[in-house]
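Analysis of the macromolecular model
Here is how the chains run, residue by residue.
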Amino acid sequence: MVSDSTALAGGARASGARASAWAEPATARAQLPDARRWLQLGLAAIWLLDGILQYQSFMFTKGFSQMLAGTAAGNPAVIADPITWAARLVADQPVATNAAFATIQVLLGLGIASRRAVKITLAASIVWSLAVWWFGEGLGGVLAGGASPVNGAPGAVILYALLAVLLWPVDGNGDGARPAPFVAARPVGPAAARAVWLVLWGSLAYFAVIAANRTAQGLHDMVAGMASGEPGWLAAINRGAASLLDHQGLAASIVLAVLLAIIAAGVFLPPPLARAAVVLAIVLALVIWVAGQDLGGILAGGATDPNSGLLLVLVALAYWPSTARPARTPEPQGELA
Amino acid sequence: MIPAWILDIFAAIMLVVAGLSAGRLAIGRPGSRVRPDSDIDAAHVLMGIAMAGALASSLHTVPNSAWVVVFAVVTAWFGWRVAAEVRVQGAAALGTGHHLPHLVHGAAMVYMFAAVTAAAQGSGMGMSGMAAGSGSMGTLKVPTLGLAFILFLAAWAVWDLDQIGSAHVRVRLPRLNVAPQPAVALATAGPAMPAGTVAGTAAGAAAGPASSSSASAPAETATDWLLDPRVAVACRIAMGITMAFMLVIML
């Protein structure tokens, strides 16, 4: 494979004089992506994973359309009726529609990974995410009364759209004068980015203490119900977490809400405390992702995405306070090609 | 059950990858009898054929148990190559060395074919591909390992794609008729960079048809195109995604 370095190195030895024209180690070092690009690549990888998961055999059956139709339950008619209509459409042509869904998501992943296509693909991913959030997730259940940070509220797919906005490739730093204090501030400015963070984590704090989640066995049942079909180690984590939550629903939901509220306020604090809040957000998101969401249920089969935990980690990383002026690397758009 | 035509499309892509890699092996690089990375092309040929055979029931290759042995050897080979890189460059070679993805590809193939073989023996049915049901859901007995492979393969495909654009954008390339030789310098660059990919794609950006200098360059031959490093990277991306697809439907 010529793409690999030893092949080229061999070629270099064969024509050393010409090789000197290529010896640009400094340039090569610059090819390490900056923080925002790393996060874009993380988002791309998750989209690619989503697309591949969508190719599972279950998705080509009527079961998938029934799963979509199920998200209409509890929603107001204005939201539920289009979901039911879309589910009927999928039920009529399950193979064609699902093949299209899967391919679109694979292309979104590949497009974001490609520097030439990142901007248009991020824009397309926002449109696609919003459509799926409505027609595929019933707005994440936020209007249906059963949403919880543990089960993926406010809907994993809306976080894709949020990340596409926060990781939008722009040259400036948001306020046009000073360096952006964190990656997410670059496209929208620090104030707007902090407001987005506050709304996101604040709403999660709210969902943690809604009536359905305050019941004595609410969280226990949610976590215990995940164990079915999971590998032994993950099921054991579920059982352990469920035993901790047994008849402790109210206390657990309050503790969770307090932690989420601290995180929500954290980005308004000085950088050392903001960093602590981001670390707390990452740890909490990972705990929820593993113990509450079972890695999105991928290992049990039939999952369409890794759920919200992993995406919350990406969001949190986009708010990591920077210590220095961000690298002003060229934007990965067509003008650089 | 996944529609057969989808499996056939993936199988066709794998046959194209195998064909391109076989072409690269056959052509080689002028002036040298054996290209240093012929082993990678050979591995791609084997993997492409094996995966196409597993995906499409109409294709018959060697028995799956034989593929397990073949890819165990391939994995051991790339394990040795990675170990050699680590001896020279230290642990950083795991980030910069370019054999790591091929080692993982080989290990994933062993894992996949071992699981399919075991599933077929358990069910007592003959197997001639996933379309026949041998690679259906629940086939993988250690799904956590399968998920680890899937995540690695997806992440590396994304990284490869990014680096193609990165090299194309940032390296100021000489004209097309200058042979692509930047690997020595580029291969030792950044600590977390799979240098082979960068080096290769940097060279490919010069030699490839989409190069900014292509307008003024002499027409490329089919050989030049086939030896374009971006073709090899594209093969690796296609292979990684197809492998991840196969693992997902076996979870």
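Residues numbered from 1 in each chain as written. Chains lettered and ligands numbered in written order. Predicted model: local features only at pLDDT ≥ 70, side-chain atom pairs only at ≥ 80, totals over all residues.

Now for the overall build of chain B. Broken down by element type, chain B carries ten helices and zero strands. Its helices and strands in sequence order give chain B the pattern α-α-α-α-α-α-α-α-α-α, from N to C terminus. (Helix = DSSP H or I, 4+ residues; strand = E, 2+ residues; numbered from the N terminus.)

Turning our eyes to something else, we now look at the packing of helix α4 (residues 35-53) of chain A against helix α17 (residues 308-317) of chain A. Residues and elements named next belong to chain A. Between α4 and α17, whose axes approach to 10 Å, the crossing angle comes to 165°. Judged on the interaxial angle alone, α17 and α4 are roughly antiparallel. The two elements α4 and α17 cross, and the hand of that crossing is left-handed. Facing L39, G42, L43 and I46 of α4, the residues of α17 in contact are L310, L311, L314 and L317. Its residues placed into classes, the contact of α4 with α17 shows seven nonpolar, one polar and no charged. (Axes fitted to C-alpha atoms, helices over the stretch in contact; angles between N-to-C directions. Parallel < 35°, antiparallel > 145°, perpendicular 65-115°, else oblique. Left-handed = near helix turned anticlockwise from the far one by under 90°. Contact = placed C-beta atoms within 7 Å. Nonpolar A, V, L, I, M, F, W, Y, C, P; charged D, E, K, R; others polar.)

This part takes up helix α1 (residues 4-27) of chain B. Given a rise of 1.5 Å per residue, 24 residues ought to cover 34 Å, and the 34 Å separating the end C-alpha atoms of α1(B) matches this to within 8%. The complete set of buried residues in α1(B) reads I6(B), L7(B), F10(B), A11(B), M14(B), V17(B), A18(B), L20(B), S21(B) and R24(B). Along its buried surface, α1(B) packs onto α7 (94-113) of chain A together with α2 (38-55), α9 (222-227) and α10 (229-250) of chain B. (Expected span 1.5 Å × (residues − 1). Buried ≥ 20, exposed ≤ 12 C-beta atoms within 10 Å, placed from the backbone.)

This part covers the confidence of the model for chain A. In the predicted model, chain A carries a mean pLDDT of 85, and 84% of its residues have values of at least 70. Note on residues 1-30 of chain A: pLDDT is under 50 here. Beyond four places in sequence and across chains, it has 90 contacts. (pLDDT = per-residue confidence, 0-100.)

Turning our eyes to something else, we now look at the environment of V86(B). Residue and element names in this part refer to chain B. Of note, V86 is situated in helix α3 (residues 64-89). Given 15 C-beta atoms within a 10 Å radius, V86 is considered partly exposed. When neighbours within four sequence positions are excluded, V86 is seen to be in contact with A91, A93 and L94.

Before going further, it helps to spend a moment on the nonpolar core. Among the nonpolar cores identified, the biggest contains 170 residues, and L48(A), L163(A), A154(B), V158(B) and L247(B) are the most heavily contacted of them. Sort the elements by how many residues they give to this core and α10(B) lands first, with 15 residues. Beyond its immediate sequence surroundings of up to four residues, V158(B) is in contact with L41(A), A44(A), A45(A), L48(A), G109(A) and A113(A). (Core = buried A, V, L, I, M, F, W, Y, C linked by C-beta atoms within 7 Å.)

Further remarks concern the packing of α1(B) against α10(B). Residue and element names in this part refer to chain B. Following both chains from N to C, one finds α1 and α10 inclined at 145°, their axes separated by 10 Å at the closest point. In the packing of α1 onto α10, the handedness of the crossing is left-handed. Facing F10, I13, M14, V17, L20, S21 and R24 of α1, the residues of α10 in contact are V231, A232, C235, A238, M239, T242 and F245. Split by residue class, the contact of α1 with α10 holds eleven nonpolar, two polar and one charged.

All names here are of chain A. At the junction of A153 and P154, the peptide bond is cis and its omega measures out at 5° in the coordinates. Here P154 shows up in the loop between α8 (118-135) and α9 (156-166). Of note in this structure, L139 is not a glycine but carries a positive phi near 55°. Summarising the element assignment, L139 is placed in the loop between α8 and α9. Phi angles above zero are rare outside glycine, and H247 is one such case at about 60°. Within the secondary structure, H247 is located in the loop between α14 (232-245) and α15 (249-266). In this structure H247 comes out as exposed when scored by C-beta crowding, with 11 C-beta atoms within 10 Å.

With that out of the way, let us pick up α9(A). Residue and element names in this part refer to chain A. Within α9, ten of the eleven residues are buried, which leaves the element mostly enclosed by the surrounding structure. What α9 keeps buried is the set A156, V157, I158, L159, Y160, A161, L162, L163, A164 and L166. Residues of α9 that are buried sit in contact with α4, α8, α10 (185-188), α11 (190-208) and α17.

Residue and element names in this part refer to chain B. Within the secondary structure, A42 sits in helix α2. Given 17 C-beta atoms within 10 Å, A42 falls into the partly exposed group. On a C-alpha basis, the gap between A42 and L25 in space is 7.1 Å, while along the polypeptide they are 17 residues apart.

On to the confidence of the model for chain B. All names here are of chain B. Across chain B, the average pLDDT comes to 76, with 67% of residues at or above 70. Confidence drops under pLDDT 50 across residues 168-216; counting only partners more than four residues distant or on other chains, this segment forms 152 contacts. Model confidence for the complex is summarised by a pTM of 0.83, with the ipTM given as 0.84.

A separate point is the environment of A72(A). All names here are of chain A. Among the structural elements, A72 can be located in the loop between α5 (62-70) and α6 (77-92). For A72 and L244, which are 172 residues apart along the polypeptide, the C-alpha to C-alpha distance reads 32 Å. Discounting chain neighbours no more than four positions away, the residues touching A72 are A80, I83, T84 and G138.

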